[in-house]
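Commentary on secondary and tertiary structure
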Amino acid sequence: MYRLLAELFPLCRSITGDGVRETLRTIQGQIPLRLVEVPTGTQVFDWTVPREWAIRDAHISDSNGKRIVDFRSNNLHVVGYSVPVDRTISLAELQNHLYSLETMPDAIPYVTSYYQERWGFCLTHRQRSGLPDGEYRVFIDSELKDGHLTYGELIIPGETDREIFLSTYVCHPSMANNELSGPVVATMLARWIMSRPRRFTYRIVFIPETIGSLTYLSRSLDRMKENIVAGFNLTCIGDDRAYSFLPSRSGSTLADRAALNILGHKHPDFIRYSFLDRGSDERQYCSPGVDLPVVSVMRSKYREYPEYHTSLDNLDLVTPAGLQGGFSAVRDCLELLENNRVYRATCLGEPQLGRRGLFPTVGTRDSHSQVADMLNVLAYADGTKDLIDISNTIQAPVDRLYPIIDKLAAAGLLVEQTADLSSRDVVGAGV
Amino acid sequence: MYRLLAELFPLCRSITGDGVRETLRTIQGQIPLRLVEVPTGTQVFDWTVPREWAIRDAHISDSNGKRIVDFRSNNLHVVGYSVPVDRTISLAELQNHLYSLETMPDAIPYVTSYYQERWGFCLTHRQRSGLPDGEYRVFIDSELKDGHLTYGELIIPGETDREIFLSTYVCHPSMANNELSGPVVATMLARWIMSRPRRFTYRIVFIPETIGSLTYLSRSLDRMKENIVAGFNLTCIGDDRAYSFLPSRSGSTLADRAALNILGHKHPDFIRYSFLDRGSDERQYCSPGVDLPVVSVMRSKYREYPEYHTSLDNLDLVTPAGLQGGFSAVRDCLELLENNRVYRATCLGEPQLGRRGLFPTVGTRDSHSQVADMLNVLAYADGTKDLIDISNTIQAPVDRLYPIIDKLAAAGLLVEQTADLSSRDVVGAGV
Amino acid sequence: MYRLLAELFPLCRSITGDGVRETLRTIQGQIPLRLVEVPTGTQVFDWTVPREWAIRDAHISDSNGKRIVDFRSNNLHVVGYSVPVDRTISLAELQNHLYSLETMPDAIPYVTSYYQERWGFCLTHRQRSGLPDGEYRVFIDSELKDGHLTYGELIIPGETDREIFLSTYVCHPSMANNELSGPVVATMLARWIMSRPRRFTYRIVFIPETIGSLTYLSRSLDRMKENIVAGFNLTCIGDDRAYSFLPSRSGSTLADRAALNILGHKHPDFIRYSFLDRGSDERQYCSPGVDLPVVSVMRSKYREYPEYHTSLDNLDLVTPAGLQGGFSAVRDCLELLENNRVYRATCLGEPQLGRRGLFPTVGTRDSHSQVADMLNVLAYADGTKDLIDISNTIQAPVDRLYPIIDKLAAAGLLVEQTADLSSRDVVGAGV
């Protein structure tokens with residue numbers, strides 16, 4: 001994953017344009033992504049697909065013609081969606097087009113202006129402070145033209161039409177945690193999903209943030225609302241500091257329940273955010289009328305780590321271990337969803353585990369506790385609780401329960417409840 | 001308000017009689033109150049309207065004819081509803097008819113005997129302790145006779161028949177917080193209500209406590225149960241120490257929700273009492289079978305401040321600022337109720353605030369938070385939540401949300417949900 | 001109770017056999033218990049009634065023929081359900097058949113092997129450590145033969161068919177808290193129940209643990225599910241250390257509510273266990289599909305006190321005061337259930353307590369609180385709350401409310417709600 005991330009890092013992505021295309025084509029080297037092009041001007045809900053932005057070069061040069069701020073050295077130097085410019089101006093005028101961070105003097109900030117035409121440069125505050133008076137040439141060789149918004153989609157069919165949804169975004173230029181960790185982890189999850197049997201169909205999208213999720217929703221909303229039982233927005237999932245969780249708007253969907261179960265047992269120190277802390281595509285997926293069951297399982301959350309949206313969110317911040325941890329957390333959620341069934345014990349009263357070789361035959365002070373998990377699963381397998389409920393109730397992580405359930409099922413003591421569950425408020429439970 | 005309170009202070013009120021009438025007539029100088037007279041002997045639920053009490057003079061005089069306890073100097077000196085007496089008795093016998101507070105030696109306690117015929121005097125414990133042995137003349141020129149129970153009612157019609165109910169009581173003699181603050185604040189609220197457009201009809205009553213609320217309920221219960229969506233018992237609302245809240249019996253009515261929202265945001269240190277701490281007319285309004293949504297928003301609650309029911313609850317305890325604070329808290333509740341609607345966002349996904357001039361066009365690290373309130377309101381405007389729900393959920397005081405809602409509604413992004421809300425458990429919500 | 005317990009203590013009980021029969025016959029001296037014999041081989045749900053175990057003698061003797069471990073001195077010395085043996089073996093081989101507790105060197109542990117044929121001896125670790133090398137004769141004169149499982153049942157009819165269920169077990173050899181306290185307290189409860197009028201029918205069973213409750217359930221489940229409104233598993237209820245509570249699986253049955261109310265008010269320091277801590281017959285009574293409302297009200301819970309399942313759980317551990325405390329706690333629960341009705345106030349508004357002699361006629365600062373209980377009961381008697389609800393809400397112990405309810409009912413102010421209560425989720429409430 002880290003290698004793929006390093007390969008994608010230098011590309012200058014934005015919400016449209018060749019940077020996105022090149023990123024998606026690189027990912028096509030790993031998974032059979034379908035690229036979709038949506039024309040400029042297409043109406044998507046309240047929005048319109050914008051013109052496509054092409055950037056070839058940009059710099060600020062001093063009176064000696066020396067490039068002192070150069071797009072080629074870091075693509076964060078130019079404000080995203082800057083219009084073309086080629087003028088020589090005074091430092092005073094230039095200051096109106098500069099962006100830097102006084103509190104982080106060595107970081108280049110990430111700034112965009114998608115929906116109003118302007119131009120600008122970003123640089124470290126240290127460099128900005130040292131600019132001598134004088135004339136400067138500002139040069140941006142960019143173009144805003146009718147074109148397309150590009151996204152990638154991968155549908156991995158499963159036994160049923162019920163879907164699990166993964167969404168990540170590919171619109172940020174050279175930053176690592178936010179946001180190349182999401183596309184990279186999504187790519188590896190897709191490979192993992194394709195490698196094994198699955199009940200669910202998986203819908204995985206690589207889109208530009210906001211305008212991309214709106215575009216995708218506007219084309220697929222009915223099908224998504226009908227089929228998706230759980231979704232994960234993959235963002236900021238590559239550093240090795242925290243684990244973080246941001247719920248769906250309701251906070252009680254199957255995706256919330258799965259993620260909270262996994263994080264609660266495996267990473268009990270995870271940071272639990274509120275939907276009020278949202279800031280990515282759950283803003284669209286969970287909006288009124290859309291109401292998809294989408295949560296975010298993250299490492300260090302956007303806006304919450306110092307390097308966020310600066311040049312310091314780089315290949316040092318994201319680590320192989322950080323990516324692997326993020327991948328594992330989401331994979332554990334998917335595995336739980338695949339295994340999450342409503343169970344029913346087949347016996348009235350406790351079964352005789354002993355004659356099935358499941359119980360020690362000498363009853364001593366300690367033997368009671370040895371089969372506690374087994375008896376606890378049976379005690380709560382009442383035909384109304386799914387595996388997440390049972391795991392939460394008996395305080396046992398699901399990966400400890402998978403083999404127990406297999407044993408009990410093999411012994412005929414536990415069956416999947418197939419009766420009507422229409423009274424349950426969580427629609428996806430037990431699917 | 002303080003001037004009106006000072007003007008009403010000297011009148012000798014009781015649950016019936018001319019003190020009540022004179023108080024109500026003074027209030028009629030401010031608002032068009034309708035006075036209603038209910039005859040002695042009228043059955044009101046389990047009770048009977050008592051005889052009317054008139055008191056003209058009362059004193060204890062020593063053997064020199066000197067008035068040592070004099071009703072004219074403080075009307076708390078005579079036990080309320082005392083029968084007439086004119087006798088000369090020993091100190092020992094007199095002691096059986098005296099009431100004082102050993103723990104507050106300079107306070108005259110407030111004592112009544114409405115439903116059993118007796119007579120008595122109240123005095124400071126200091127004075128009582130100093131009474132020399134000897135003969136004393138006790139003189140009470142009072143009368144208990146068939147007459148009426150008097151109350152005042154003001155109906156202020158609004159756009160709809162749905163009502164907000166304000167109740168306060170006018171049966172206490174010369175005490176200030178408990179209880180002239182309530183009638184005075186109610187008077188000013190009535191003036192404020194009449195001065196502005198309103199969705200709700202307002203039912204405002206000035207009654208004697210207990211027997212008055214029972215009398216009023218017995219005459220209007222069906223109409224009240226049908227129309228009242230929220231009610232406030234106005235009592236102890238004039239000192240400048242605490243803010244206090246006493247819930248309805250269920251604790252979850254629209255009145256509870258409005259008051260808790262306002263107090264929680266504006267006066268977060270408010271004291272939250274239980275319905276078990278009740279002691280005023282909510283005992284009737286919230287009784288089984290009556291079940292009106294009535295709460296009390298107070299300053300220092302009856303029974304909880306040292307001067308309660310003594311001569312020390314006077315014009316020093318209640319202050320102009322205290323009255324103004326109480327008035328404002330209830331006014332804020334009424335304003336919230338008037339503005340409380342169930343909203344629905346009109347867009348699928350977030351709207352494009354930028355093209356409506358509602359969003360800064362340069363996206364920097366900080367710009368996300370600037371429109372957070374706007375986006376939060378839209379995110380929760382799902383057609384099931386009223387303004388109180390939204391304010392509570394997004395942790396924003398309603399007066400910060402009023403202009404935001406106006407802007408969003410003006411931009412067509414937010415509409416009032418008018419569909420059937422029959423599934424909501426709080427009947428009054430969103431009316 | 002302590003005398004009965006001491007009388008039963010020496011008997012060598014197991015899950016079947018003459019020890020159980022003799023125990024039940026001794027109890028028949030106190031209450032008219034019906035003994036039921038269920039044949040070996042009878043299928044009870046997933047289990048089969050085992051062969052009957054008879055033990056006449058058992059010892060380990062040294063090479064001098066001296067009995068160094070003797071069943072006659074303590075029946076814990078032989079592993080329960082040991083098959084017969086008469087051999088002379090080396091110490092090394094003997095060690096494979098010995099059980100002791102290194103951490104409690106003076107305690108003989110209690111060990112059984114019901115469902116796999118083996119033999120063994122239990123002894124103190126101190127004695128085991130001192131065994132010299134050499135030859136030992138091991139002798140167990142026991143028999144495993146077709147016979148019966150024996151249990152005792154007492155049905156005490158009441159006004160209605162609705163039942164309260166008490167279950168206790170008689171399968172443990174010479175141990176006192178676990179388990180002779182249960183049978184002894186159950187016996188005294190039965191005498192107390194028979195001595196007084198009762199709404200409920202009482203079903204009281206004295207059974208072997210696990211196989212006994214399964215056997216009993218398999219014969220009576222439909223009737224029990226139809227009639228039982230609350231049940232108590234009586235175990236470990238005789239020492240004088242803690243009070244303990246273990247809930248039903250759902251945690252919200254009438255039995256849970258009654259026990260939590262009594263323990264919460266009378267023994268607020270009681271230890272509240274989770275259903276995950278279960279270990280007695282609630283494992284059967286609360287299993288999926290059985291779902292009886294059974295809880296355990298205990299003193300020091302099994303597995304939680306050091307002497308548990310050893311020879312130190314003896315007549316010193318259980319005390320007359322401990323048994324009396326356990327008896328009283330359960331008796332209070334039964335009394336509460338007998339008195340638990342849904343009440344409705346007959347008046348609209350508060351009634352006039354004064355004219356019924358229920359209220360002091362002089363209203364002073366303090367008089368409000370004197371009748372608080374009375375007014376609180378009336379305020380919450382809204383036809384939906386039972387006595388447990390009211391007691392919990394107004395934070396008053398039920399034995400303080402019994403006389404108040406009697407007074408209010410005598411005055412006609414309170415009646416039992418007889419209307420349909422089908423909407424309540426707790427089926428047994430108010431019966």
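Residues numbered from 1 in each chain as written. Chains lettered and ligands numbered in written order. Predicted model: local features only at pLDDT ≥ 70, side-chain atom pairs only at ≥ 80, totals over all residues. Heavy atoms only, no water.

**Describing the overall build of chain A**
The helix and strand inventory of chain A stands at 13 helices and 19 strands. Taken along its principal axes, the extent of the C-alpha atoms in chain A is 90 × 45 × 35 Å. Counting only contacts in chain A whose residues sit at least 6 apart along the sequence, the fraction spanning at least 24 positions is 81%. Here chain A displays about 15,900 Å² of accessible surface, and carbon together with sulfur accounts for 47% of that area. In chain A, 45 positive and 53 negative side-chain charges are present, and the distance between their average locations comes to 4 Å. (Helix = DSSP H or I, 4+ residues; strand = E, 2+ residues; numbered from the N terminus. Contact = heavy atoms within 4.5 Å. Areas by Shrake-Rupley, 256 points an atom, 1.4 Å probe, with all protein chains shown as cover. Lys, Arg positive; Asp, Glu negative; His and termini not counted. Charge placed at Lys NZ, Arg CZ, Asp CG, Glu CD.)

**A few points about the sheet that holds strand β9 (residues 135-145) of chain B**
Residue and element names in this part refer to chain B. Taken in spatial order, the 4 strands of this open sheet run β5-β4-β9-β6, and their pairing is antiparallel. Each edge of the sheet is formed by a strand with only one pairing partner; in this case those strands are β5 (67-70) and β6 (85-90). Between one strand axis and the next, the sheet turns by 20° as a mean value, whatever way the strands run. Taken together, the 3 bridges between strand β4 (residues 52-61) and β5 define a ladder with antiparallel strand orientation. Bridged to Ile-60 within β5 is Val-69. (Pairing = 2+ DSSP bridges. Axes fitted to C-alpha atoms, helices over the stretch in contact; angles between N-to-C directions.)

**A look at helix α6 (residues 211-227) of chain C**
All names here are of chain C. Its 17 residues place the ends of α6 22 Å apart at the C-alpha level, agreeing with the 24 Å of an ideal helix rising 1.5 Å per residue. Ser-220 marks the point of greatest bend in α6, at about 80°. All buried positions along α6 are accounted for by Ile-211, Gly-212, Ser-213, Leu-214, Thr-215, Tyr-216, Leu-217, Ser-220, Leu-221, Met-224 and Asn-227. (Expected span 1.5 Å × (residues − 1). Bend = angle between axes of the 7 residues up to and from the residue. Buried < 20%, exposed > 50% of the residue type's maximum accessible area, 1.4 Å probe, protein only.)

**Some words on the interface of chain B and chain C**
Contacts between the two partners involve 29 residues from chain B, matched on the other side by 25 residues from chain C. Counting the surface lost from both chain B and chain C, the interface buries some 2,300 Å², and carbon and sulfur atoms represent 51% of this. Linking chain B to chain C there are 4 salt bridges. Elements represented by at least two residues in the side of chain B that touches chain C include exactly α6 (211-227) and α8 (282-285) of chain B. (Buried area = accessible area lost by both parts, 1.4 Å probe. Salt bridge = Lys/Arg side-chain N within 4 Å of Asp/Glu carboxyl O.)

**Focus: the interface of chain B and chain A**
Across the contact, 25 residues belong to chain B and 30 residues belong to chain A. A combined buried area of about 2,300 Å² lies between chain B and chain A, and 51% of that area is made up of carbon and sulfur atoms. Counting across the chain B and chain A interface gives 4 salt bridges. For Glu350(B), the salt bridge is made with Arg283(A), and the minimal N-O distance between the two is 3.2 Å. Listed by contribution, the elements that provide at least two residues to the side of chain B that touches chain A are α11 (372-380), β18 (382-386) and α12 (387-394) of chain B. If you tally residues by element for the side of chain B that touches chain A, the top one is α11(B), at 5 residues. Grouping the constituent residues of the side of chain B that touches chain A by class yields 10 nonpolar, 9 polar and 6 charged. (Nonpolar A, V, L, I, M, F, W, Y, C, P; charged D, E, K, R; others polar.)

**Describing the relation of the copies chain B and chain C**
Note on the identical chains: chain B maps onto chain C by a rotation of 120° and an axial translation of 0.0 Å, with an RMSD of 0.0 Å. In symmetry terms, the pair is related by a three-fold rotation axis. (Least-squares fit on C-alpha atoms with pLDDT ≥ 70 in both.)

**Section: the domain arrangement of chain A**
Residues and elements named next belong to chain A. The domain boundaries assigned to chain A delineate domain 1 (2-50 + 148-339), domain 2 (52-145) and domain 3 (342-416). In this assembly, 10 residues from domain 1 lie in contact with 13 residues from domain 3. Here domain 1 packs against domain 3, burying approximately 880 Å² in sum over the two surfaces, 54% of which is carbon and sulfur. Our enumeration of links across domain 1 and domain 3 arrives at 3 salt bridges. In this structure, the salt-bridge partner of Asp-386 is Arg-257, at a minimum N-O distance of 2.8 Å. (Domains from an automatic or database assignment.)

**Focus on the UniProt feature "domain: DUF4910" (unreviewed entry) in chain A**
UniProt marks residues 2-340 of chain A with the feature "domain: DUF4910" (unreviewed entry), using the numbering shown here. In residues 2-340 of chain A, the share of helix is 28% and the share of strand is 25%. The end C-alpha atoms are 31 Å apart. (UniProt positions renumbered as here; feature names shortened; annotations may be inferred.)

**Quick word on the pairing of strand β12 (residues 201-207) of chain C**
Residues and elements named next belong to chain C. Burial of β12 is extensive: 7 of the 7 residues sit out of reach of the surface. Where strand β11 (residues 163-169) and β12 come together, 7 bridges link them in parallel fashion. Residue pairing in the sheet places Ser-167 in a bridge with Val-205 of β12. Read from β11 through helix α5 (residues 181-194) to β12, the crossover connection turns out right-handed. (Right-handed = clockwise from strand over helix to strand, strands pointing away.)

**Brief notes about unusual backbone geometry**
All names here are of chain B. With phi around 55°, Asp-291 is a residue other than glycine that occupies positive phi space. Mapped onto the elements, Asp-291 comes out in the loop between α8 and β16 (294-298). On the accessibility criterion, Asp-291 (42% relative accessible area) is partly exposed.

**Structural notes on the pattern of salt bridges**
One pass over the structure, following the stated rule, counts 93 salt bridges over all chains. A salt bridge links Asp106(A) to Arg126(A); its shortest N-O distance comes to 2.7 Å. Residue Asp106(A) is found in the loop between β7 (98-99) and β8 (121-122), and its partner Arg126(A) is found in helix α4 (residues 125-129); the two are separated by 20 residues along the sequence. Under the relative-accessibility criterion, Arg126(A) is labelled exposed at 51%. We note a salt bridge from Arg56(B) to Glu143(B), for which the minimum N-O separation is 3.4 Å. Of this pair, Arg56(B) sits in strand β4 while Glu143(B) sits in strand β9, and the two are 87 residues apart along the sequence. Salt bridges linked by common partners bring Asp18(A), Arg21(A), Glu37(A) and Glu52(A) together as one network.

**Focus on the sheet that holds strand β17 (residues 342-345) of chain C**
Residue and element names in this part refer to chain C. Here 3 strands make up an open sheet; going across it, the order is β18-β17-β19 and the pairing antiparallel. The sheet terminates laterally at β18 (382-386) and β19 (414-416), the two strands that pair on one side only. In this sheet, neighbouring strand axes are inclined to one another by 35° on average, regardless of whether the strands run parallel or antiparallel. The sheet contact formed by β17 and β18 spans 2 bridges and is antiparallel. By the bridge assignment for β18, Arg-344 is matched with Asp-382. Sitting on the sheet, helix α12 (residues 387-394) is in contact with β17 and β18, with an inclination near 85° to β18.

**With respect to α5(C)**
Since the α-helix packs 3.6 residues into each turn, any two residues three or four apart lie on the same face. Residues and elements named next belong to chain C. With 14 residues, α5 should reach 20 Å at 1.5 Å per residue; the first-to-last C-alpha distance of 20 Å fits that figure. The element α5 is largely enclosed, with a buried count of 12 among its 14 residues. Here α5 has its buried residues at Ser-181, Gly-182, Pro-183, Val-184, Val-185, Ala-186, Thr-187, Met-188, Leu-189, Ala-190, Trp-192 and Ile-193.

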